[in-house]
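In case you want the letters, here they are:
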Amino acid sequence: MKTDFIIVGSGIAGLNAALNIAEFGKVLLITKKRLIESSTNFAQGGIAAVLAKTDDFKKHVKDTMIAGCFHNNREAVKFMVKHGPEAIKKLMNLGVKFEIIEKKLALTREGGHSKNRIAYAGDRTGEEIEKTLVALVEKNPNITIWENTFALDLIAKNRMCYGVRVIKNNRVIDVFSRAVILATGGIGQIYKYTTNPEIATADGIAMAFKAGALTQDMEFIQFHPTALAIERKPLFLLSESLRGEGAILINSKGERFMCHAHKLAELAPRDIVAREIYSQQKLGPVYLDISHKNAAFIRKRFPKIYSTLKKKYSLDLTRDKIPVTPAAHYLCGGVKTNLNGETNIKNLCCLGEMACTGVHGANRLASNSLLEAMVFSEHAAEKIKIKRDEIKTVNKPALHLTKISSSQTCASRVIKEEIKTLMWNNVGILRSKSRLRETLVELRRLEKLLPASTTNIEIAEVKNMLTVARLIIEAAIKRKKSLGCHFVV
Ligand SMILES: Cc1cc2nc3c(=O)[nH]c(=O)nc-3n(C[C@H](O)[C@H](O)[C@H](O)COP(=O)(O)OP(=O)(O)OC[C@H]3O[C@@H](n4cnc5c(N)ncnc54)[C@H](O)[C@@H]3O)c2cc1C
């Protein structure tokens, strides 16, 4: 089968790219579950951009670079920051309803930001963006949507991408196109404790890597400091904007500990807050407390967090201290791209969380990821639009669906849990060279237990997780000293 453009992923990056590119050709949008199932849909806090009179581009660039330990690609940061205000304007024009107070766009602050610059929609910003973009994509006659379709492999040869091999309705289908855009999101599911939804199994990065794409900064996994410390999968996130609005962190003795750890206290960069909580947890549970704020304000400002805690966990955000823990949240690195989203493989672009434009450096500044996905998907689309090459095809050895026994799927589930535990224990917030090396050996052992190729989606996901776990550890081993989210003890 042939189409002009294939986009894999229906989060903010894939949806925005699809809307733009559809003006210039037929787009096939592939997503492995329902359209809305994405990390984007889970985002609570907001999207950063220079929008206040007291703010300026230099300050946003500086805050991003400080959070990223100056490991960032400065050109990419400047580019993202400069295009931030237009990205917000575009979302508003598309119908996204950000919070407006006294006829002005409301702006809040999160950790590491020196100014109020986060536009938000209550505490369900991602859901509002996702819902708006999905409605537009569904209406667009140039976009064909394949839900519940799993991208298994890229069809690529000699650093040239021709299309994607997918599994749809129990059939293997090869789709050829002028360009392929991967926007498959993050890798959180590689870790035992994560805020990421089930779709975040690192498929796009593994597929691109297998086809010869370069990856960068894979060691920098951001652990969100404040996920709810009650075991459910994924862990429920307590947005940084709670701390932005005055929530404090207290230890098991009732002491506020962040004031001693950093001058920005609870609003210090995430890696610092996550490590402090992690070490305080050795003494006992750590809590987030916003109960000193007006109850009506809390309910109005954080309706989703308030009602989820109340209904699902019997906790009252206006009165109770909420138990928190760090959890794997965001991959700062990914497939190396330039400012156009292009990779070292011709006709393959990567966008959103799975791409490494270099904007986040060694640690992402809060609310810069929705912005990055929006700005670079917009820009890449401009570039891709002008592609007029013929759709070329290439032979890929045929792959037939093979029946997998239930014992094989059970085995792959056990392996999946082993990977998650190994990664959490040994490649998490604190790392040591010896444990990184041991983990690599363990992963190689697990890899041998899986078939070389498969058409089973569950097994394919586990294989992707293994590939990317290996990339994370190899990058971590190469980095000798601690930097940002990569902390060596
Ligand atoms: C709980 C939570 C809160 C967050 N809060 C914020 C915030 O306030 N501000 C902020 O800036 N960022 C936030 N983030 C991060 C941000 O949401 C993500 O970085 C961003 O949404 C990623 O967008 P994306 O389009 O790259 O990927 P996603 O939104 O994750 O979309 C990926 C898509 O790819 C599809 N896919 C994956 N693999 C395959 C495959 N093999 N075949 C077919 N389809 C596939 C998925 O089904 C999904 O549709 C948060 C993240 C989480 C988890």
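Conventions we followed
- Residues numbered from 1 in each chain as written.
- Predicted model: local features only at pLDDT ≥ 70, side-chain atom pairs only at ≥ 80, totals over all residues.
- Near = placed C-beta within 6 Å.
- Helix = DSSP H or I, 4+ residues; strand = E, 2+ residues; numbered from the N terminus.
- Nonpolar A, V, L, I, M, F, W, Y, C, P; charged D, E, K, R; others polar.
- Pairing = 2+ DSSP bridges.
- Domains from an automatic or database assignment.
- Contact = placed C-beta atoms within 7 Å.
- Expected span 1.5 Å × (residues − 1).
- Buried ≥ 20, exposed ≤ 12 C-beta atoms within 10 Å, placed from the backbone.
- Axes fitted to C-alpha atoms, helices over the stretch in contact; angles between N-to-C directions.
- Core = buried A, V, L, I, M, F, W, Y, C linked by C-beta atoms within 7 Å.

(A) Fine view of the site of the ligand. The ligand sits among 42 residues. The nearest are Gly9, Gly11, Gly45, Gly185 and Gly352. Within the residue set of the shell around the ligand, elements represented by two or more residues are helix H1 (12-21), helix H5 (125-139), strand S9 (149-157), helix H6 (203-210) and helix H12 (368-385). Partitioned by chemical class, the residues of the shell around the ligand number 15 nonpolar, 22 polar and five charged.

(B) Structural view of the pairing of strand S11 (residues 171-176). As defined by bridge partners, strand S10 (residues 160-168) adjoins S11 across six bridges and the pair is classed as antiparallel. Looking at the pairing, Lys168 lines up with Arg171 of S11.

(C) Highlighting the domain arrangement of the chain. The domains assigned to the chain are domain 1 (1-220 + 332-401), domain 2 (229-327) and domain 3 (406-478). For domain 1 versus domain 3, the separation of C-alpha centres amounts to 25 Å. Taken residue by residue, the interface counts 21 residues in domain 1 and 19 residues in domain 3. Of all the secondary-structure elements, those providing two or more residues to the side of domain 1 that touches domain 3 are S9 and H6. Here the element with the most residues in the side of domain 1 that touches domain 3 is H6; it accounts for four residues. A breakdown of the residues in the side of domain 1 that touches domain 3 according to their chemical character gives 15 nonpolar, three polar and three charged.

(D) A look at H5. In this model H5 runs 22 Å from its N-terminal to its C-terminal C-alpha over 15 residues, within 8% of the 21 Å that 1.5 Å per residue would give. What H5 keeps buried is the set Thr125, Gly126, Glu128, Ile129, Glu130, Leu133 and Val137. As for H5, its buried residues are in contact with H1, strand S2 (27-30), strand S3 (47-48), helix H4 (84-94), strand S8 (143-146) and H12.

(E) Here's a closer look at the sheet that holds strand S6 (residues 107-108). As summarised here, the arrangement of the three strands in space is S3-S7-S6, forming an open sheet in which the pairing is antiparallel. Here the strands that pair on one side only, and so sit at the sheet edges, are S3 and S6. Of the strand pairs in this sheet, S3 and strand S7 (residues 118-119) are connected by two bridges, and their pairing is antiparallel. Looking across to S7, one finds that Ile47 is bridged to Ala119.

(F) Structural view of the sheet that holds S10. Spatially, the three strands line up as an open sheet ordered S9-S10-S11, and their pairing is antiparallel. At either end of the open sheet lies a strand with only one pairing partner, and these are S9 and S11. Between one strand and the next, the sheet's axes are offset by a mean angle of 25°, whatever the strand orientation.

(G) Summary view of the nonpolar core. Ala18, Ala208 and Leu351 are the most contacted members of the largest nonpolar core, which totals 145 residues. Broken down by element, the residue count for this core peaks at eleven residues, all from helix H15 (residues 457-478).

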